[in-house]
Amino acid sequence: MEQSVLDTKKELVEKARSLIPKLRQYGEEIEKTNSLPKEIIDDLQNEGTLKVLRPHLFGGYQTNMRTYTEVVTEISRGNGSAGWFVALSNIRDYMISYTFGEKALSEIYKQGEDVVLAGNFKPIKCDIKKTEGGYYIEEAQWPFVSGSPHADWCYFGFPIFDENGGVEMAIMVIPRNELEVLDDWYVMGLKGSGSNSCHIKNVFVPDHRVSLDRLASKGEYLIEPLKEVALYRSSFVPSLTLSIVAPALGLAKAAMDLFMERLPKAGIGNTFYNKQAEAPITHHQVAQAQLKIDSAEMHLYRAVDKIDSYAERGQVMDKNEIVKVKADFGYVNQLCKEAIDLLVAGVGSMFTYETNPIQRVYRDFLTMHLHGFITPSSLIETYGRVLCGQEPNTYFV
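Residues numbered from 1 in each chain as written. Predicted model: local features only at pLDDT ≥ 70, side-chain atom pairs only at ≥ 80, totals over all residues. Heavy atoms only, no water.

Asks: I'd like a description of the pattern of salt bridges, backed by residues and values.
Replies: Where charged atoms of side chains with opposite charge meet at close range, the side chains can pair. Tallying each qualifying case throughout the model produces 27 salt bridges. With its nearest N and O atoms 2.7 Å apart, the salt bridge here joins K129 to D127. Take K129: its relative accessible area is 42%, and that puts it in the partly exposed class. With a shortest N-O distance of 3.2 Å, E297 and K253 are connected by a salt bridge. Of this pair, E297 sits in helix 11 (residues 280-313) while K253 sits in helix 10 (residues 247-262), placing them 44 residues apart in sequence. Overall, the relative accessible area of 25% leaves E297 in the partly exposed class. Looking at K253, the relative accessible area reads 14%, which means it is buried. Linked through salt bridges whose partners overlap, the residues forming this network are K22, E39 and D43. (Salt bridge = Lys/Arg side-chain N within 4 Å of Asp/Glu carboxyl O. Buried < 20%, exposed > 50% of the residue type's maximum accessible area, 1.4 Å probe, protein only. Helix = DSSP H or I, 4+ residues; strand = E, 2+ residues; numbered from the N terminus.)

Okay, here's the thing in structure tokens:
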């Protein structure tokens, strides 16, 4: 039985890796159309890459964060937008399974249907009122809802106010046909990620499709069949942070792949180096970039394996360990950026063409790199504070 589980994990990673050539082939089309083609979405679903964190109960593979990260790395190595889509779609399965009860889950995961999930926590417009049996959304809007054009269900965070003026965050799930996906995702990178805004107006959400964030993050809503499954004991905050940094390593590896692919044909302008591969500066650039990628990989999997190890033992990760894991993720982000920058410096003026695949990797990476969840300076500073005996300067631990 154990061998079967290991074989499934290996097979998922190999299937993801097999998609790299096709994903690269579609890179320019994804850029031009600002979306992932249906053929790519179908391939991702058919190869099982969108069910890595879904419970067996609902037709998924129910693996672990290590397998998830390896799958996302391979897809991102093929195309950043596809990698981001796979990373965020999968983490929604983990979140939805973690934060909603049996009635809501049975509505979302209808038997025989392959569901795609999307969502975001913070609304930019929110007029929601408590009513009998649930909540009424007069009007609300959320930005950056990655994967929303392809989603069947979306989750959204929203504030709940009590009689004394206190506020806490809640999470709700909404079927795709009750919301509008806005055509507003025009950006420099991750163009095909479908991180559009979603708008909702005059919609009722029943109580069973709403959970309180403070309870959801502690697994209070976990249904009985999932309570002893290691995956759903994975620490909530580090797992969500992982989902944002997960494509980084694949993108850095893609930059190295593409650089080495063009290297035999390249020279260095205004020098006697007709072969760039013979130049000492190239040797330094390539070696340093590869060492940074290797270091990022070690930090990434050290952190991911720690999440899995705690989950498998049924232990709760304490605040200091969470801060350390998040610092690892921030450092991964930083190291991958440094590696890509070294490779870009070696490409020269050819990098300026929008059709240059290394430029596409760079723009995709930079769009991910700037996400507030994984800002290296913030995560590393917080780790330093804890090392110095101070309290973390963030509530997100």
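Asks: Go over unusual backbone geometry with me, naming the residues and quoting the values.
Replies: Unusually for a residue other than glycine, N34 sits at a positive phi of about 60°. Along the chain, the position of N34 falls in the loop between helix 3 (27-33) and helix 4 (38-46). Assessed through its relative accessible area of 19%, N34 is described here as buried. One non-glycine residue, L190, lies in the positive phi region at around 50°. Mapped onto the elements, L190 comes out in the loop between strand 6 (180-181) and strand 7 (196-206). The exposure class of L190 is buried, given its relative accessible area of 3%.

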